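# A look at the structure
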Amino acid sequence: MNEYNILIASVGGQGGLTLSRIIAEAAVNAGFSVRTGETLGMAQRGGSVQSFVRIGREVRSPLFPLGTADALLAFEAAEAVRSSAFVKKDALILVDPEVKQSITTLTKKEKYPPVEGLLEALRARSRNVRVVEAMREASKLGHPKSANVYMLGAFCALSDKLPVPSVEEAIANVLGRRSSSAVDVFRRGLEASKAVAREV
Amino acid sequence: MGNEAIALGALEAGMGFVSGYPGTPSSEVIEALFAFAREGVGSVKYVEWAVNEKVGLELALGAAIGGVRSMVTMKGPGLNVSADPLLSGAYCGVNGGMVILVADDPGPITTQTEQDSRWYSDLAKLPMVEPSSPDEARQLVTKAVTLSERVKLPIILRTTTRVNHAVGEVSPSERLQPPSEVKFERDAPRFVRASMAWNRARHSWLLGQLAAMPSIAADLKLDRVERISKDRRLGIVAAGAPVNYVLDALDEMKVECGVLKLGLLYPIDEAVVLRFLRDYDKVLVVEEIDPYLESKLKAISQSARLQVEVVGKSEGLLPQVGELNTGNVRAAIETCLGLPKVEMPVAEIPVKLPSRPPPMCPGCPHIGSYFSLIRGIAKAGLKKNEVPVFGDIGCYALALNPPFEAIWTEHSMGASISMAAGLKAAGFPKPVVAVIGDSTFFHSGVQPLLEAVHKGLDLLVMILDNSTVAMTGHQTTPADEESDSGRKMHPVPLYDVVKGLGVEKVSKLDAYEPAKLMDAVKDGLLQSGVKVIIVERACAILAKRRGVTKLYRVIPDLCTGCDVCINLLGCPALTIDGDKVKIIEEECIGCSLCAGLCPYKAIVEVEAR
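Residues numbered from 1 in each chain as written. Chains lettered and ligands numbered in written order. Predicted model: local features only at pLDDT ≥ 70, side-chain atom pairs only at ≥ 80, totals over all residues.

## Some points on the confidence of the model for chain B
Condition: As a per-residue quantity, pLDDT reports the predictor's confidence and falls between 0 and 100.
The predicted model of chain B averages 96 in pLDDT, with 100% of residues at 70 or higher. With pTM at 0.96, the complex prediction returns an ipTM value of 0.91.

## Examining the nonpolar core
For clarity, the threshold we go by: The nonpolar core is taken to be a set of buried Ala, Val, Leu, Ile, Met, Phe, Trp, Tyr and Cys residues joined by way of C-beta atoms within 7 Å. Three exposure classes are used, based on other C-beta atoms lying within 10 Å of a residue's own C-beta, which is placed from the backbone: buried for 20 or more, exposed for 12 or fewer, and partly exposed in between. Residue ranges for the domains originate in an automatic or database domain assignment. Placing C-beta atoms from the backbone, we regard two residues as in contact once those atoms come within 7 Å.
Judged by nonpolar contacts, the single largest core of 172 residues is most densely connected at L72 and M151 of chain A together with A10, L101, V246 and L284 of chain B. Here this core gathers at least three residues from each of two domains, domain 1 (2–220) and domain 2 (224–337) of chain B. Among residues more than four places away in sequence, those in contact with M151 of chain A are L73, F75, L94, D96, V132, A134 and G189 of chain A. Judged by nonpolar contacts, the second largest core, of 83 residues, contains L373, I407, M413 and F442 of chain B.

## Comments concerning unusual backbone geometry
All names here are of chain B. Put simply, the rule is: Counting from the N terminus, the helices are the DSSP runs of H or I reaching at least four residues and the strands are the DSSP runs of E reaching at least two.
That bond from T24 to P25 is cis: its omega, 5°, falls within 30 degrees of zero. Inspection of the secondary structure assignment puts P25 in the loop between β1 (17–20) and α2 (28–39). Positive phi is not limited to glycine here, since S592 has a value of about 80°. With respect to the helices and strands, the residue S592 is situated in the loop between β21 (580–583) and α23 (593–597). On the basis of neighbour counts, which here come to 19 C-beta atoms within 10 Å, the residue S592 falls in the partly exposed class.

## Digging into the interface of chain B and chain A
Inclusion rule: Think of it as three bins: nonpolar holds Ala, Val, Leu, Ile, Met, Phe, Trp, Tyr, Cys and Pro, charged holds Asp, Glu, Lys and Arg, and polar takes everything else, Gly as well. At least two bridges found by DSSP between two strands are what make those strands a pair.
Counting residues at the interface gives 41 residues for chain B, matched by 49 residues for chain A. Listed by contribution, the elements that provide at least two residues to the side of chain B that touches chain A are β7 (167–168), α12 (242–253), α15 (326–337), α22 (564–569) and β20 (574–577) of chain B. Looking at side-chain class alone, the side of chain B that touches chain A contains 23 nonpolar, twelve polar and six charged residues. Where strand β2 (residues 33–39) of chain A and β7 of chain B come together, two bridges link them in antiparallel fashion.

## Here's the deal with the sheet that holds strand β17 (residues 505–510) of chain B
Residues and elements named next belong to chain B. Condition: Note on definitions: angles span 0 to 180 degrees between N-to-C directions of axes, and those axes are lines fitted to C-alpha atoms, for helices only across the stretch in contact.
With parallel pairing, five strands are arranged side by side in an open sheet as β14-β15-β16-β18-β17. Here the strands that pair on one side only, and so sit at the sheet edges, are β14 (389–390) and β17. In this structure, strand β15 (residues 433–437) lies alongside strand β16 (residues 459–465), joined through five bridges in parallel fashion. Looking at the pairing, A434 lines up with V461 of β16. Contacting β14, β15, β16 and β18 (530–536), helix α16 (residues 365–379) runs over the sheet at an angle of about 160° to β16.

## Let's talk about the pairing of strand β3 (residues 48–56) of chain A
Residues and elements named next belong to chain A. With respect to burial, β3 is a largely interior element, eight of its nine residues being buried. Bridging between strand β1 (residues 4–11) and β3 involves eight bridges; their strand directions are antiparallel. Bridging from a neighbouring strand, S10 pairs with V49 of β3. Judged from the seven bridges that link them, β2 and β3 form a sheet pairing that is antiparallel. Bridging from a neighbouring strand, S33 pairs with G56 of β3.

## Regarding the domain arrangement of chain B
Residues and elements named next belong to chain B. Once the domains are mapped, chain B shows domain 1 (2–220), domain 2 (224–337), domain 3 (365–543) and domain 4 (547–607). For domain 1 and domain 3, the distance between their C-alpha centroids amounts to 33 Å. Across the contact, 15 residues belong to domain 1 and 13 residues belong to domain 3. Top element by residues in the side of domain 1 that touches domain 3 is α2. It accounts for three residues. When the residues that make up the side of domain 1 that touches domain 3 are grouped by side-chain class, the tally is eight nonpolar, five polar and two charged.

In structure tokens form, the structure reads like this:
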């Protein structure tokens, strides 16, 4: 595989970092070289988090420059747009339309833009935008914490970059006790992705 | 992760003792050692957090003079805290291999300064090595231990965030057996620094060890020529994470350049560098933060009267502020070679996005503390903007952000108390407040409080005791009965320490009882002398892990949407749904702060599901 860059955009606490770890392990399981890095301030939760994953035959730098991501997995609508400058034209963008208000919007110092406008901005960047309601679906399955692997299921179905057995092995290894329900949620995401991720 | 790879390296190197103080991006090394022991991957005989980095370094030095292979881990500023034993340690040296891991943070991403700890090697005259990838970091631990035992000096293993926190593949090696005997024999000229004649002798000894380094280190292959080029125009020297940016940029540009990767940063192997410098007309030094290697290479080149032109940050080719990346390294190479600049396309973001300053966690006890502090200031008849609040290092520094915007300073560990005391001692007319966490207090707050008590200053100190080192991932503190390794400890209660320092007015209050807390703040601001309020309440993340028994819900018919709860507390469990406040039930931990505040009694307790 030529080098493949994935950017995961999330709000701290949504499982974006854990997802980058799962993807990294899955890539190593599948025999690839991998590097990850993140831009993470002092936020343990609630701040913007970008996780960078690079997969290939031999990768070195943990980050990649603007305009070079092959895929964006975003767990929040505004964060998706914030990270959209990193994607290549027409890259695969998977976006959860979930809205997480920030303290500045809740205290009315700033406005949270309409979600439709945010999706429009993503579509202007790529013709390959898919809406994946990962949080909603994972919550319906009783495992809101597994929204990240639901999204991963959708990614695997839409990109065929990572072999499913390698991913399941990585989920088991990274999540330990929580992994059996997470593998189920991953599979639901995988199977449902074509039906649920409606083209926009 | 790089830090897990370093932990694996510690097992491979046969370490018998590991100490450290948590600090991003270094904390996961010791965390991983705890996990390895639990999971049966392997264990180091003694691994524990120390009260601070200075103590940690001295502990590791004590182990190493007893022949035990040891390591101490810390972030960059931690090396400042331990600079004293670092310099003395170079004079006595070690018997067992000793590694000082210092994790710098170009960017900076999580650190108060963009400190370049490489200069410490020159100051302390201690060898330094640096890896460029997680797997190299793993290998360098064993090499550093080997080197340390040959040269009889502690070795500084310097890393940066992009190695510590990078995830990459590693291939484990065989493990060395730790030396089994702990042995220490009296050798006063070596270990006693009270005789100036001995100190001069040890200084000479130290210089001799450094002079012998190239032959001592040769077979460890710490430096490596990564690329050889027939084109003499440009060679590149790099170390650490920037090596990756250089190789990626050259591949991207399809340009041939020589590349020398330095693994041994101090003392630089001059022969290796000279061989490389002679092969090129121009050499670009690629490194993060300060022009450290650049200044060394320029000096080496000048002493040898070489024609080569050594360039880097002094010529403005690379920034001294912020991280490097493939893009800015590529631009520097383009300038050196006189190539046209390839501008990276930058996508405009067409929507105005809201900022997202990191909030405190839902139900965080610090929310109650700062709410009460601000209210207490008002109750004392003072204005918020006339009472300086000296912050300290930890999650509670997030009170910088809305809605509290409370702290006026955040500086170095423990400085809240001493800087507040200094301002007061200098004659500041209004009351001053210092806010410090429990672990930061144990780390560096004890002596400042002693100072304030002894000088009889008027000062209100709030120690926010959430019974953990929260920000770096919930490590134990000296008040704990059991350490992270599961060892039984003798707990040292915070209250007893404060009392023992001679503070007469000490109270213990609950962050979830703001009415009492704000009254204590008011009294503390108006009374003379040193007053300490210990605000006790476990970190909300730990409370959530232990299980939430109750939570709160908004009765929409009663909520008027006045948003007082959101505006005053900023708890992330509170959000707006239409024109009413809503509590996100998965986030709520049942702290009750918002319920107590609601003027319309619209927030009620319910049982947790």
